Amino acid sequence: MARAPRRRGDSSPGPTLAPSGAGALSTLPGVGPKVAEKLAARGLLSLQDLWLHLPLRYEDRTRITAIATLLPGQSAQVLARVEAVERSFRFRPTLRVVVRDESRASLALRFFHFNRAQVALFVPGRRLICYGEARPGQHGLEMVHPSYRLLADEAEAVIHDRLDPVYPAVEGLGPQSLSRLIGEALKRLPPAEALELLPDGLRERLALPTLREALLTAHRPPPDCDVTEFALGQHPAQRRLALEELLAHHLSLQRQRIALRAHGAMPVRGAGKLAASLRRQLKFTLTGAQQRVLDEVARDMARPEPMLRLVQGDVGSGKTVVAALAAANAVEAGRQVALMAPTELLAEQHLANFRAWLEPLGLRVAWLAGKVTGKARTAVLAEIASGQAQVVVGTHALMQDKVVFSSLALAIVDEQHRFGVHQRLALRDKGLSGSQVPHQLVMTATPIPRTLAMSAYADLDVSVIDEMPPGRTPVQTVAISGDRRGDVVERIRGACAEGRQAYWVCTLIEDSEEVEAQAAQTTFEQLGALLPELRLGLLHGRMKPAEKQAVMAEFKAGRLHLLVATTVIEVGVDVPNASLMVIENAERLGLAQLHQLRGRVGRGAAASSCVLMFRPPLSQMARERLEVMRASTDGFLIAEKDLELRGPGELLGTRQTGLASFRVADLARDAHLLPEVHRAAAQLLAEAPALAEQLVERWVGGAARFAGA
Ligand code: ADP
Ligand code: MG
């Protein structure tokens, strides 16, 4: 929903913000309707949006690095001569240009997209200057799609005198045009006092520059700035921006929480008879951690204001039964419960559990997913509307308009980070009756260090199930070089001969579902040829949901020995007989993701193992990360280590943590700012709520517009 532009006439005294709306941008030289449209598509509607379109990173072209000294993971500028040019079309067109410099070492430049004219430029003997990230390749270091310029023999290489900002791309606008536009926008930055929203005391206490100064420095680092400090994101200008951004996000979450708390909720209090019968019927007793979390949940639900609780617990820690016990309490109070999961696979698993536990107690558990259609759908919708269905399990189909509950008291959402905050709110709104909203229980297996959880989930209370049910044997993990693939194949042969099942996960360096699917296909064929006596299945993101489910069902039923898959198996696969997990290119994945993948094994009685295959040579950081995986199976410890080890140059997606993405702030790097952020937020909300509003509008307002909120 587009937000109405702020009216200029009614501006109250105090700091003036840039006018919103496209009008302001179109006054910049070079911004016609076409360009304005492209900017708007990226959420850039005002001058302020351009000021806050901050560099993702900086490229250091202020020096030349000798190839001999290049390290894996290092981004650098190299001056060299073309030595050899190769083209191959094995999986897809590839151009490989080998260059060598005065340090006598060579480097490969690799291109996947190129045209003939480009190929013709790379003549052996020609000089070039290029910039890119050095990565371990098949034959030593390589740079994939570096930026480069060919130089005439005598021409001097142009060495920049300051860091180059690299901006998040705007589709249809070249990086140079974007940079120029931002430069124009910066010329119109108002004086410092007009822009400042942070209380003076705070800025002084932390010795931070004004916003004006910080913006100018971040967009155009001066030649004399400390390059390393900048690359690490630790320059005071960057800290200032990160602090303000974190503060704005925190305020926005706090505001949501306050708004939610203003609603009432149906207090769920009862003797707990249903829950007690359920517990008697279980084949196990709850762990101490499960009991503690259940108590926390029950206490919240007994109150006349809505619960908003996140239950974190490692894969296998037993979150489902806690949710089922909470559901039993709500049903006993005469109310309905909804349980939503992000994938059909996961939702079906919950359905099976809930039916097995709750139906013997006489409860009606209904199922609603996209594939429930026609008469069946009409029937389910009627049951939900009448209240006959006391518990409804499903996918996001639960959030559709047609779904009307009779009295929803508890909304349970599993694997929260796969749903946006907005979807969570949509399910909550299903339960709106008068001013009451349902209690919300959110479950996630993604362990997030406490410091970060405070910020990522400032609108939620957090409970942690930090104890595993007894009797599990921890998964044994080894890291093995890809050169020893043959040994790994033998290991699979052995395990499957003993009647066990295995996973082989193909991951790719590039984040492209298509390329990944192709690699999985190839691996599937290769392994099939090497292991003719085994039955193999293939699972990737390019397959239709029905195909995926069929393969999963076969694997689950034990009719397939080996499942070759992409990372799509990360969530929701539960096959206790599978006891061997092989992960290719493990060094490229984030620790949290590796942990999730590894959690697919070790679910049964058999001792399980996980083989992390890597491509040598490993960077120091990658080595340490694999070592963490080898040494620990504790999700929280792994998450803490991940945070510690994450450093510049290590490309880890936000996917691994599911945390919000920020423009400047980096929760790993800036976690130390959080206590200050929380203090400042409390102070602003109490003393200057108008400033708080403006901060939220400045940093989050635009993003919310962009997200279509
Ligand atoms: P997750 O937290 O990953 O969702 P689940 O709820 O799926 O974990 O639980 C994993 C398995 O452990 C299930 O088979 C469940 O029945 C079992 N389980 C849960 N709690 C206990 C317990 N206290 N003792 C033994 N087994 C348990
Ligand atoms: Mg689960």
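Below: a short report on this structure. (Residues numbered from 1 in each chain as written. Chains lettered and ligands numbered in written order. Predicted model: local features only at pLDDT ≥ 70, side-chain atom pairs only at ≥ 80, totals over all residues. Heavy atoms only, no water.)

1. Some thoughts on the overall build of the protein chain
Logical step 1: On a plain count of helices and strands, the protein chain comes out with 26 helices and 21 strands.
Logical step 2: Counting every position in the protein chain, which comprises 709 residues, the buried fraction comes to 53%.
Logical step 3: Carbon and sulfur atoms provide 53% of the accessible area of the protein chain, an area that totals close to 31500 Å². (Helix = DSSP H or I, 4+ residues; strand = E, 2+ residues; numbered from the N terminus. Buried < 20%, exposed > 50% of the residue type's maximum accessible area, 1.4 Å probe, protein only. Areas by Shrake-Rupley, 256 points an atom, 1.4 Å probe, with all protein chains shown as cover.)

2. Overview of helix H5 (residues 175–187)
Logical step 1: The terminal C-alpha atoms of H5 lie 19 Å apart, and with 13 residues this matches the ideal 18 Å at 1.5 Å per residue to within 8%.
Logical step 2: The set of residues buried in H5 consists of Leu178, Leu181, Ile182, Gly183, Glu184, Ala185 and Leu186.
Logical step 3: In the core, the buried residues of H5 are packed alongside helix H2 (33–41), helix H3 (47–51) and helix H8 (211–219). (Expected span 1.5 Å × (residues − 1). Contact = heavy atoms within 4.5 Å.)

3. Considering the site of ligand 1
Logical step 1: Surrounding ligand 1, one finds 14 residues, the nearest of these being Gln290, Gly316, Lys319, Thr320 and Arg472.
Logical step 2: Thr285 has a polar backbone atom sitting 2.9 Å from a nitrogen atom of ligand 1.
Logical step 3: Protein coverage of the free-state accessible area of ligand 1, which is 560 Å², stands at 75%.
Logical step 4: Residues of the shell around ligand 1, tallied by class, amount to four nonpolar, seven polar and three charged. (Near = heavy atom within 4 Å. Polar contact = N/O pair within 3.5 Å; in protein donor to acceptor, adjacent residues only side chain to side chain. Nonpolar A, V, L, I, M, F, W, Y, C, P; charged D, E, K, R; others polar.)

4. Considering the sheet that holds strand E10 (residues 336–340)
Logical step 1: One open sheet accounts for seven strands, arranged E11-E12-E10-E13-E14-E9-E15; its pairing is parallel. The two strands at the open ends of the sheet, each matched to only one other strand, are strand E11 (365–368) and strand E15 (461–465). Pairs of neighbouring strands in the sheet enclose a mean axial angle of 20°, with direction left out of account.
Logical step 2: In terms of strand pairing, E10 meets strand E12 (residues 391–394) through four bridges, oriented parallel. Of the residues in E12, the one forming a bridge with Met340 is Gly394.
Logical step 3: Along the sheet face, helix H15 (residues 374–386) touches E10, E11 and E12 and points at about 130° away from the line of E11. (Pairing = 2+ DSSP bridges. Axes fitted to C-alpha atoms, helices over the stretch in contact; angles between N-to-C directions.)

5. What about helix H25 (residues 674–687)?
Logical step 1: Between its terminal C-alpha atoms H25 stretches 20 Å, which fits the 20 Å expected from 14 residues at 1.5 Å a residue.
Logical step 2: For H25, the set of buried residues is Leu674, Glu676, Val677, His678, Ala680, Ala681 and Leu684.

6. A short note on the pairing of strand E13 (residues 408–414)
Logical step 1: Of all seven residues in E13, seven are buried; the element is thus mostly enclosed.
Logical step 2: The pairing of E10 with E13 spans five bridges and is parallel. In the sheet register, Ala338 faces E13, and the bridge partner there is Ala411.
Logical step 3: Pairing of E13 with strand E14 (residues 439–444) involves five bridges; the strand directions are parallel. Each bridged residue has a counterpart across the sheet, and for Leu410 the counterpart in E14 is His439.

7. Let's talk about the side chain of Ser481
Logical step 1: You can see Ser481 is positioned in strand E16 (residues 476–481).
Logical step 2: Excluding residues within four positions of it along the chain, Ser481 makes contact with Phe614 and Pro616.

8. Considering the packing of aromatic side chains
Logical step 1: A full pass over the atoms with the stated rule returns five aromatic pairs.
Logical step 2: When the ring of Tyr58 is compared with that of Phe230, the centres are 5.0 Å apart and the planes differ by 90°; the resulting orientation is edge-to-face. Here Phe230 lies in helix H9 (residues 227–231) and Tyr58 lies in strand E1 (residues 57–59), a separation of 172 residues in the sequence.
Logical step 3: On the basis of an interplanar angle of 75° and a centroid distance of 5.6 Å, the ring pair of Phe111 and Tyr148 is categorised as edge-to-face. Highlighted residues: Phe111 in strand E4 (residues 106–111) and Tyr148 in strand E7 (residues 147–151), separated in sequence by 37 residues. (Phe/Tyr/Trp six-rings, centres within 6.5 Å; stacked < 30°, edge-to-face > 60°.)

9. Some points on the sheet that holds strand E20 (residues 578–583)
Logical step 1: Read across the sheet, six strands follow the order E16-E21-E20-E17-E19-E18 without closing on themselves; strand pairing throughout is parallel. Each edge of the open sheet carries a strand with a single partner, namely E16 and strand E18 (536–539). Here the average twist between neighbouring strands, direction ignored, is 20°.
Logical step 2: Pairing analysis gives four bridges linking E18 to strand E19 (residues 562–565), with the strands arranged parallel. Within E19, the residue paired with Leu538 across the bridge is Val564.
Logical step 3: Sheet strands in contact with helix H20 (residues 545–556) are strand E17 (501–505), E18, E19 and E20, and its direction is about 145° off that of E18.
Logical step 4: Contacting E16 and strand E21 (609–614), helix H22 (residues 620–631) crosses the sheet at an angle of about 150° to E16.

10. A word on the pattern of salt bridges
Logical step 1: Applying the stated criterion across every chain, the model contains 32 salt bridges.
Logical step 2: Close ionic contact of Glu83 with Arg100 constitutes a salt bridge, the shortest N to O distance being 2.6 Å. With a gap of 17 residues between them, Glu83 in strand E2 (residues 75–88) and Arg100 in strand E3 (residues 94–100) connect regions that are remote in the sequence.
Logical step 3: Judged by its relative accessible area of 38%, Glu83 falls in the partly exposed class.
Logical step 4: With its nearest N and O atoms 3.2 Å apart, the salt bridge here joins Glu344 to Lys371. Residue Glu344 is found in helix H14 (residues 344–358), and its partner Lys371 is found in the loop between E11 and H15; the two are separated by 27 residues along the sequence.
Logical step 5: You can call Glu344 buried: its relative accessible area is 19%.
Logical step 6: Connected through shared salt-bridge partners, Arg57, Glu59, Arg61 and Asp164 make up one network. (Salt bridge = Lys/Arg side-chain N within 4 Å of Asp/Glu carboxyl O.)

11. So, the environment of Val31
Logical step 1: Among the secondary structure elements, Val31 is positioned in the loop between helix H1 (22–26) and H2.
Logical step 2: For Val31, a relative accessible area of 8% translates into the label buried.
Logical step 3: Note: C-alpha distance between Val31 and Leu181 (150 residues apart in sequence) is 8.1 Å.
Logical step 4: Those residues in contact with Val31 that lie beyond four places of it in its chain are Leu25, Ser26, Ala36, Leu39 and Leu181.

12. A short note on the environment of Glu627
Logical step 1: Topologically, Glu627 is positioned in helix H22.
Logical step 2: Sequence separation between Glu627 and Thr477 is 150 residues; the distance between their C-alpha atoms is 9.5 Å.
Logical step 3: One polar contact links Glu627 to Arg630, side chain to side chain, over a distance of 3.1 Å.

13. Things to note about the nonpolar core
Logical step 1: Counting residues in each nonpolar core, the largest one holds 60 residues, and the members touching the most others are Phe354, Leu368, Val391 and Leu410.
Logical step 2: At 10 residues, the largest contribution of residues to this core is made by helix H13 (residues 319–332).
Logical step 3: Other than its neighbours up to four places away in sequence, Phe354 contacts Thr320, Ala323, Ala324, Ala327, Leu339, Glu359, Val365, Val391 and Val393.
Logical step 4: If you look at the next biggest cluster of nonpolar residues, it comprises 57 residues, including Leu189, Leu211, Leu695 and Val700. (Core = buried A, V, L, I, M, F, W, Y, C linked by side-chain atoms within 4.5 Å.)

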